[in-house]
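Observations on the three-dimensional arrangement
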Amino acid sequence: MEELKLFGSFISPFSRRVEWALKLKGIEYEFIGEDIINKSPSLLKYNPVHKKYPVLLHNGKPIVVSLVILEYIEETWKENPLLPDDPHEKAMARFWAKFIDEKSLALGRIAFFSQGEEREKALEPTWEALKTLDEEIRGKKFFGGENIGLVDLVAGVIAYWFPVFDEIADLNLLFEQKFPSLYAWRENFINVPAIKENILPQDQMLAIYRERQKKLLQIPTNE
Amino acid sequence: MADEVILLGFWPSPFGMRTRVALAEKGVVYEYKEEDLQDKSPLLLKSNPIHKEIPVLNHNGKPICESLIIVQYIDEVWNDKSPLLPKYSYERAHARFWADFADKKISDYGSRILWKKGEEQEEGKKGFLDCLKLLEGELGEKPYFGGESLGLVDVAFLPFSCWFYSFETCGNFSVEKECPKIIAWVERCKEKESVSKSLQDPQKIYEYVAVLKKRFGVE
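The following refers to the structure shown. (Residues numbered from 1 in each chain as written. Chains lettered and ligands numbered in written order. Predicted model: local features only at pLDDT ≥ 70, side-chain atom pairs only at ≥ 80, totals over all residues. Heavy atoms only, no water.)

A closer look at the overall build of chain B
Broken down by element type, chain B carries eleven helices and four strands. The C-alpha atoms of chain B give 17 Å as radius of gyration, which agrees with the globular expectation for 219 residues (17 Å, within 12%). The C-alpha extent of chain B, read off along each of the three principal axes, is 55 × 45 × 30 Å. Residue burial in chain B is summarised as follows: out of 219 residues, 53% are buried. Look at the contacts in chain B between residues 6 or more apart in sequence, and 69% of them connect residues 24 or more apart. Carbon and sulfur atoms make up 51% of the accessible area of chain B, which amounts to about 10,400 Å² in all. (Helix = DSSP H or I, 4+ residues; strand = E, 2+ residues; numbered from the N terminus. Rg over C-alpha atoms; globule rule 2.2 N^0.38 Å. Buried < 20%, exposed > 50% of the residue type's maximum accessible area, 1.4 Å probe, protein only. Contact = heavy atoms within 4.5 Å. Areas by Shrake-Rupley, 256 points an atom, 1.4 Å probe, with all protein chains shown as cover.)

Side note on the nonpolar core
One finds Phe128(B), Phe157(B) and Phe164(B) to be the most contacted residues of the largest nonpolar core, which totals 152 residues. Apart from the residues lying within four places of it in its own chain, the contact partners of Phe128(B) are Ile106(B), Tyr109(B), Ile113(B), Phe164(B), Phe167(B), Phe173(B) and Val175(B). (Core = buried A, V, L, I, M, F, W, Y, C linked by side-chain atoms within 4.5 Å.)

Things to note about the sheet that holds strand S2 (residues 31-34) of chain B
Two pairing modes exist for strands in a sheet, parallel and antiparallel, and in both the strands are linked by backbone hydrogen bonds. All names here are of chain B. Across the sheet, four strands lie side by side as S2-S1-S3-S4; this open sheet has mixed pairing. Looking at which strands have only one partner, the edges of the open sheet turn out to be S2 and strand S4 (62-65). Taking each pair of neighbouring strands and ignoring which way they run, the sheet shows an average axis angle of 20°. Note that strand S3 (residues 56-59) and S4 share four bridges and pair antiparallel. By the bridge assignment, valine 56 is partnered in S4 with cysteine 65. The strands touched by helix H1 (residues 14-26) are strand S1 (5-9), S2 and S3; relative to S1, the strand with the most contacts, the crossing angle is about 155°. (Pairing = 2+ DSSP bridges. Axes fitted to C-alpha atoms, helices over the stretch in contact; angles between N-to-C directions.)

Focus on the layout of surface pockets
All names here are of chain A. The space that makes up the second largest pocket amounts to roughly 460 Å³. Of all the elements in the fold, those that place two or more residues in the lining of the second largest pocket are helix H4 (87-113) and helix H6 (150-169). At four residues, H4 tops the list of elements feeding residues into the lining of the second largest pocket. A breakdown of the residues in the lining of the second largest pocket according to their chemical character gives twelve nonpolar, four polar and four charged. (1 Å grid on protein atoms, 1.4 Å probe; cavity = no way out; pocket = protein on both sides within 12 Å on 5 of 7 lines; lining within 4 Å. Points joined across faces, edges and corners; volume = space filled by probe spheres on them. Nonpolar A, V, L, I, M, F, W, Y, C, P; charged D, E, K, R; others polar.)

Points about the interface of chain B and chain A
The interface is formed by 24 residues belonging to chain B together with 24 residues belonging to chain A. Summed over both partners, the interface of chain B with chain A buries about 2,200 Å², with 69% contributed by carbon and sulfur atoms. In terms of surface lost to chain A, no three residues of chain B exceed Ile69(B), Tyr90(B) and Phe97(B), which account for 27% of the buried area on that side. Along the contact surface separating chain B from chain A lie five salt bridges. A salt bridge links Glu71(A) to Arg96(B); the nearest nitrogen and oxygen atoms lie 3.6 Å apart. Viewed at the interface, chain A and chain B are joined by seven residue pairs in polar contact (both at pLDDT 80 or more). Sort the elements by how many residues they give to the side of chain B that touches chain A and helix H4 (residues 89-115) of chain B lands first, with eleven residues. (Buried area = accessible area lost by both parts, 1.4 Å probe. Salt bridge = Lys/Arg side-chain N within 4 Å of Asp/Glu carboxyl O. Polar contact = N/O pair within 3.5 Å; in protein donor to acceptor, adjacent residues only side chain to side chain.)

Some thoughts on the packing of aromatic side chains
All told, the structure shown has 30 aromatic pairs over all chains when counted by the stated rule. Note on Phe95(A) and Trp96(A): the rings are 5.3 Å apart at their centroids and 85° apart in plane angle, and the pair reads as edge-to-face. Of the two residues, Phe95(A) and Trp96(A), neither departs from the other in class, the shared state being buried. For the pair Phe128(B) and Phe167(B), a centre-to-centre distance of 5.1 Å together with 70° between the ring planes defines the contact as edge-to-face. Residue Phe128(B) is located in helix H5 (residues 118-139), and its partner Phe167(B) is located in helix H7 (residues 164-171); the two are separated by 39 residues in the primary sequence. Neither residue differs from the other here; Phe128(B) and Phe167(B) are each classed as buried. Over the ring of Trp127(A) we find Lys178(A), and its NZ or CZ is 4.9 Å from the ring centre. Between the NZ or CZ atom of Arg20(B) and the centre of the ring of Tyr32(B), over which it lies, the distance is 4.0 Å. (Phe/Tyr/Trp six-rings, centres within 6.5 Å; stacked < 30°, edge-to-face > 60°. Lys NZ or Arg CZ within 6 Å of the ring centre and 35° of its normal.)

Quick notes on unusual backbone geometry
Each neighbour pair has its own omega, and for Tyr53(A) with Pro54(A) the value is 5°, a cis peptide bond. Along the polypeptide, Pro54(A) turns up in the loop between helix H2 (41-46) and strand S3 (55-58). For the bond running from Ile54(B) to Pro55(B), omega is -5°, close enough to zero to count as cis. By the element assignment, Pro55(B) lies in the loop between helix H2 (42-47) and S3.

Some details on the side chain of Asp100(B)
Residue position: Asp100(B) is located in helix H4. Asp100(B) has contacts with Val65(A) and Leu68(B), leaving out every residue within four places of it along the chain.

Overview of the sheet that holds strand S4 (residues 61-64) of chain A
Residue and element names in this part refer to chain A. The strand order S2-S1-S3-S4 describes an open sheet built from four strands, whose pairing is mixed. The open sheet has two free edges, formed respectively by strand S2 (30-33) and S4, since each of these has just one partner strand. Sheet twist, expressed as the average angle between the axes of neighbouring strands with direction ignored, equals 20°.

Focus: the packing of H4(A) against helix H5 (residues 116-137) of chain A
Residue and element names in this part refer to chain A. Packing of H4 against H5 leaves a shortest axis separation of 10 Å and a crossing angle of 150°. It follows that H4 is roughly antiparallel to H5 by the angle criterion. Relative to H5, the crossing made by H4 is left-handed. Within the contact between the two elements, H4 uses Trp96, Phe99, Ile100, Lys103, Leu107, Ile110 and Ala111 and H5 uses Arg119, Ala122, Leu123, Thr126, Ala129, Thr132, Leu133 and Glu136. By residue class, the composition of the contact of H4 with H5 is ten nonpolar, two polar and three charged. (Parallel < 35°, antiparallel > 145°, perpendicular 65-115°, else oblique. Left-handed = near helix turned anticlockwise from the far one by under 90°.)

Notes on H5(A)
All names here are of chain A. Under the 1.5 Å per step criterion, the end-to-end length of H5 is 31 Å for 22 residues, consistent within 8% with the ideal 32 Å. The largest bend along H5 reaches roughly 30° and is located at glutamate 124, with the proline proline 125 sitting one to four residues downstream. Every buried residue of H5 is listed here: Arg119, Leu123, Thr126, Trp127, Ala129, Leu130, Thr132, Leu133, Asp134 and Ile137. Glycine 139 lies just past H5 and shows a positive phi near 85°. (Expected span 1.5 Å × (residues − 1). Bend = angle between axes of the 7 residues up to and from the residue.)

Quick look at the structure:
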């Protein structure tokens, strides 16, 4: 019998994207909640190099780093494919996943730790990246085409976390006005049942981050 | 119809070298175009409009960017020989993890050794050697990270070996002294033509670093 465990956190975009992939493929798993400050001995045992979540444990074997986990899930469970078959299209999907991850990671840190003119300057690359993604998604329902795919799951950080950081730090995101195609994508994305049913409500996310802000906890710079 | 394969690269780039090793392992016939990063070609700007960086592989007019993504593409398309990724998904995940690790950590720590001084440089040195020791552990008794033949991790990590001499000289340490198994692995890999044809002379890399230091006014 298959044994599948996911060590993660409800508030982590890296953990959520893995959950969404499992849900979209209809795979059963046990979720083990981790705390960013007090990580469990199991987590440290299964990810000794990075000591971070998410960690997927499949029949006792750990897989770590969210993009690596997503590819593993895609290769292991063939239902509802999240990546195209064509090698060039697959390479493009991997390119966009990497792009989104690299460009979006900074936003949390900027939102919490920088101010004023320094912040405005720090935000420029993020706004540039959103403009690029806005152009890329134009005319498409999802980054994956007609159906949700791996890139959409990675972009989930933009759909849910960016508005939260915007509200907490008053970043002037102006999502709908400045990035209308990406905003339209967001509407499609958050209405997919597997996504909608597996995310904390915005006000809960806001409350958690406000609490963190109060404690000035280090926001993870990657998972 | 014959395949048209063009690789846009820049000679000292370890990311470009990765792509060359992968193409050589697969016996792919391709045209190499050396880019002047101060004066990027129209083909580069068109093929990689977002990052405007090398390497870019152009396959029958379709561009593929980001070296590890290119290497996996090469492995998937030219799948008749020299597989770079293992067959089963767990081992593939394992290879992707270590390739990602080598990719991010070596670049980051290496940069600090080359361009920083004092405490920052020391941190870079320590981080670099810690990473190499972890990689030594991962290699274990295997001849290559890929097992009996070159794999994704070998291809990802090997080109950084051309830069070891530069790191050692700037940081005042010896990789061979600290991580002899890594040096033994590098030498073993260089016995393969696909590798020896694709890697640059460490001395030339060091001379290039010296040019950059002068250009940026770094000691």
